[in-house]
Amino acid sequence: MTRVLVDLLFVTGRKGGMESYVRELYPRLGALRPEFEFIGLASTELVDTGAPWFPGELVASGRSGEDRISWARGELLDVSRHATRLGADLVHAPANLGPVRSGTPVVLTVHDLLPFRHPEFVPGPYSPVLRWMIRGAARASRRLLTVSESTADDLVALLGIDRERIDVVPLAGGASADDGGIPARAARSDDLVLAIGNRMPHKNFVAILEAVALLPADRRPRVVVTGSHDDDPLAPEVRRLGLEDRVELAGWVAPDELERLYADAALFAFPTRFEGFGLPLIEAMARGVPVVASDLPVLREVGGDAARWFDPDDAAALARAIDELLADPAERERMSRAGLERSARFSWARTAHGTLASFERAIAG
């Protein structure tokens, strides 16, 4: 039996796309390889809530994934030690960070290299520490999984990783995307613009607010922005722009509420300045929501011709895109169909198969 230790120190219920990744991936890995024994090294938060999606037992690390210092110490001190103690054949570190030394082969998933490409977007003093940890984990790993060709190129250019050690395995847009996409709802709102994500500076949600403020008052859409856990840093901007009656800062919403918002949305806006893949884009497309998104190479790689693209530093361009699409139901319907077709190219089943192939290459040595 092959024993795989999965580094789940980061999972707290508050980490967005990286948690979506393991929640969608691991049930499928368990089904594909019932002969594998998966053991999850769990944060204190995950131990408290449990993980019905994980196909194996959880081992308590005693480390909090919300405490950055505790999490970092766990990566540096605990993962390889537990792998040795448990007799693991492989470690999977699915969230950018992992052990910088390990006697057990490691597969590291690198979602993006934000601290290298845009250190100005990483808060406080964390950027140099993250660069050191990511570089060390990447060099210590036998195989590296990445979610896009753009991130693979960054690993080669910025960290000097041999391209032969990298496996590109894209993500997908939702559980039902494996069946060809989630059908669009027949009747959507005509004026709801949805945006989803954390409040890291590169997410650039202020651009949506500024774009809406540029529109005539009688053509301003309703906007819902989810993803903040505490006092929302966008709230002062909403007040400054006088958009209290048009913008709802919905905070962190439950999955069923998020699905309701997807079903109601006329448009999905994604004004980010940097991504490693762009999971929200493909999630929206898989639900039939027309997407307006930043014109970044990685998002073009994912979204193809199915989105309306704009310069993330040009609020007026975003305003025009929103205004034109809200006034054109036929174009929104065309984009909805195009998005469903595009998202069908991505599936969590393919992600699982590609991940297992990387695991097997690492074990084979």
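Before reading further, recall that the structure is shown in the block above.
Residues numbered from 1 in each chain as written. Predicted model: local features only at pLDDT ≥ 70, side-chain atom pairs only at ≥ 80, totals over all residues. Heavy atoms only, no water.

K.L.:
Help me get a handle on the pattern of salt bridges, residues and values and all.
P.N.:
Applying the stated rule across the entire model yields 29 salt bridges. Two residues, Arg 14 and Glu 66, come together in a salt bridge whose shortest N-O distance is 3.5 Å. A residue pair is termed long-range when its members are at least 10 positions apart, and Arg 14 in the loop between strand 1 (2-8) and helix 1 (17-32) and Glu 66 in the loop between strand 3 (56-60) and helix 3 (68-86) qualify at 52 residues. Note on Arg 14: relative accessible area 34%, which makes it partly exposed. Glu 66 sits in the partly exposed class, given a relative accessible area of 36%. (Salt bridge = Lys/Arg side-chain N within 4 Å of Asp/Glu carboxyl O. Helix = DSSP H or I, 4+ residues; strand = E, 2+ residues; numbered from the N terminus. Buried < 20%, exposed > 50% of the residue type's maximum accessible area, 1.4 Å probe, protein only.)

K.L.:
Describe the environment of Glu 341, listing the residues and the values that go with them.
P.N.:
Note on placement: Glu 341 falls in helix 13 (residues 329-343). The class of Glu 341 is exposed, set by a relative accessible area of 59%. Through-space distance from the C-alpha of Glu 341 to that of Ala 286 is 8.3 Å; in sequence the pair is 55 residues apart.

K.L.:
Can you lay out the side chain of Asp 112 for me, pointing to particular residues and giving the numbers?
P.N.:
With respect to the helices, strands and loops of the structure, Asp 112 is situated in the loop between strand 5 (106-110) and helix 4 (114-117). No salt bridge is formed by the buried Asp 112; its nearest oppositely charged neighbour, Lys 203, is found at 7.2 Å. A distance of 3.0 Å separates a polar side-chain atom of Asp 112 from the backbone nitrogen of Leu 114. Not counting residues up to four positions away in its chain, the partners in contact with Asp 112 are Asn 96, Thr 151, Phe 274 and Gly 276. (Lys, Arg positive; Asp, Glu negative; His and termini not counted. Polar contact = N/O pair within 3.5 Å; in protein donor to acceptor, adjacent residues only side chain to side chain. Contact = heavy atoms within 4.5 Å.)

K.L.:
Run through the sheet that holds strand 12 (residues 291-294), naming residues and quoting values.
P.N.:
Reading across the sheet, the 6 strands line up as 10-9-8-11-12-13 and stay open at both edges, with parallel pairing between neighbours. Each edge of the open sheet carries a strand with a single partner, namely strand 10 (247-251) and strand 13 (308-310). Shown here is a sheet whose adjacent strand axes are inclined to one another by a mean of 20°, direction ignored. With 4 bridges joining them, strand 9 (residues 222-226) and strand 10 adopt parallel strand pairing. Across the sheet, residue Val 224 finds its bridge partner in strand 10, namely Glu 248. Packing against the sheet, helix 9 (residues 255-264) makes contact with strand 8 (192-196), strand 9 and strand 11 (267-270), and its axis sits at approximately 140° to strand 8. (Pairing = 2+ DSSP bridges. Axes fitted to C-alpha atoms, helices over the stretch in contact; angles between N-to-C directions.)

K.L.:
I'd like a rundown of the environment of Val 107, residues and numbers included.
P.N.:
Within the secondary structure layout, Val 107 lies in strand 5. Residue classification places Val 107 among the buried residues on the basis of a relative accessible area of 0%. Linking Val 107 and Leu 90, residues 17 residues apart in sequence, is a C-alpha distance of 7.5 Å.

K.L.:
Before we move on, can you summarise the sheet that holds strand 5 with the specific residues and values?
P.N.:
In space, the 7 strands of this open sheet follow the order 3-2-1-4-5-6-7, with parallel pairing throughout. Of all the strands in the sheet, just strand 3 and strand 7 (166-168) have a single pairing partner and so form its edges. In this sheet, neighbouring strand axes are inclined to one another by 25° on average, regardless of whether the strands run parallel or antiparallel. Across 4 bridges, strand 5 lies against strand 6 (residues 143-146) in parallel orientation. Within strand 6, the position partnered with Leu 108 by the bridge is Leu 144. Sitting on the sheet, helix 14 (residues 348-364) touches strand 1, strand 2 (36-42), strand 4 (90-93), strand 5, strand 6 and strand 7, and the angle it makes with strand 6 is about 170°.

K.L.:
Requested: an account of helix 12 (residues 315-326), with residues and values cited.
P.N.:
Taking 1.5 Å per residue, 12 residues should reach 16 Å; helix 12 reaches 16 Å between its end C-alpha atoms and fits that length. Judged by how many residues are buried, helix 12 sits mostly within the fold: 9 of 12 residues are covered. Among the residues making up helix 12, those that are buried are Ala 315, Ala 317, Leu 318, Ala 319, Ala 321, Ile 322, Asp 323, Leu 325 and Leu 326. Taking the backbone nitrogen of Ala 316 as reference, a side-chain oxygen 3.1 Å away marks Asp 314 as the first, capping residue of helix 12. (Expected span 1.5 Å × (residues − 1).)

K.L.:
So what's going on with the packing of helix 7 (residues 206-214) against helix 12? Which residues, and what values?
P.N.:
How two helices sit against one another is set out by the angle between their axes and by the gap between those axes. Helix 12 packs onto helix 7 with a crossing angle of 65° between their chain directions and a minimal axis gap of 8 Å. Put simply, helix 7 runs roughly perpendicular to helix 12. For the element pair helix 7 and helix 12, the recorded crossing hand is right-handed. Of the residues in helix 12, those touching helix 7 at Ala 207, Ile 208, Glu 210, Ala 211 and Leu 214 are Ala 315, Ala 316, Leu 318 and Ala 319. When its residues are assigned to classes, the contact of helix 7 with helix 12 shows 8 nonpolar, no polar and 1 charged. (Parallel < 35°, antiparallel > 145°, perpendicular 65-115°, else oblique. Left-handed = near helix turned anticlockwise from the far one by under 90°. Nonpolar A, V, L, I, M, F, W, Y, C, P; charged D, E, K, R; others polar.)

K.L.:
Could you give me a rundown of the nonpolar core, with the residues and numbers involved?
P.N.:
With 89 residues, the main nonpolar core has Leu 5, Leu 8, Tyr 26, Phe 38, Trp 53, Phe 268 and Leu 281 as its most contacted residues. Sort the elements by how many residues they give to this core and helix 1 lands first, with 6 residues. Counting residues in each nonpolar core, the second largest holds 28 residues, with Leu 234, Val 238, Phe 310 and Leu 325 among its members. (Core = buried A, V, L, I, M, F, W, Y, C linked by side-chain atoms within 4.5 Å.)

K.L.:
Kindly report on the pairing of strand 9, identifying the contributing residues and their values.
P.N.:
Burial analysis of strand 9 places 4 of its 5 residues in the buried class, the great majority of the element. As paired elements, strand 8 and strand 9 share 5 bridges and run parallel to each other. For Ile 196, the partnering residue across the bridge sits in strand 9 and is Thr 226. For the crossover that starts at strand 8, traverses helix 7 and ends in the parallel strand 9, the hand is right-handed. Note on the crossover from strand 9 through helix 8 (residues 235-240) to strand 10: the handedness is right-handed. (Right-handed = clockwise from strand over helix to strand, strands pointing away.)

K.L.:
Lay out the environment of Leu 113 in plain terms, naming residues and giving numbers.
P.N.:
Its location among the elements puts Leu 113 in the loop between strand 5 and helix 4. Here Leu 113 falls in the buried class, since its relative accessible area comes to 0%.

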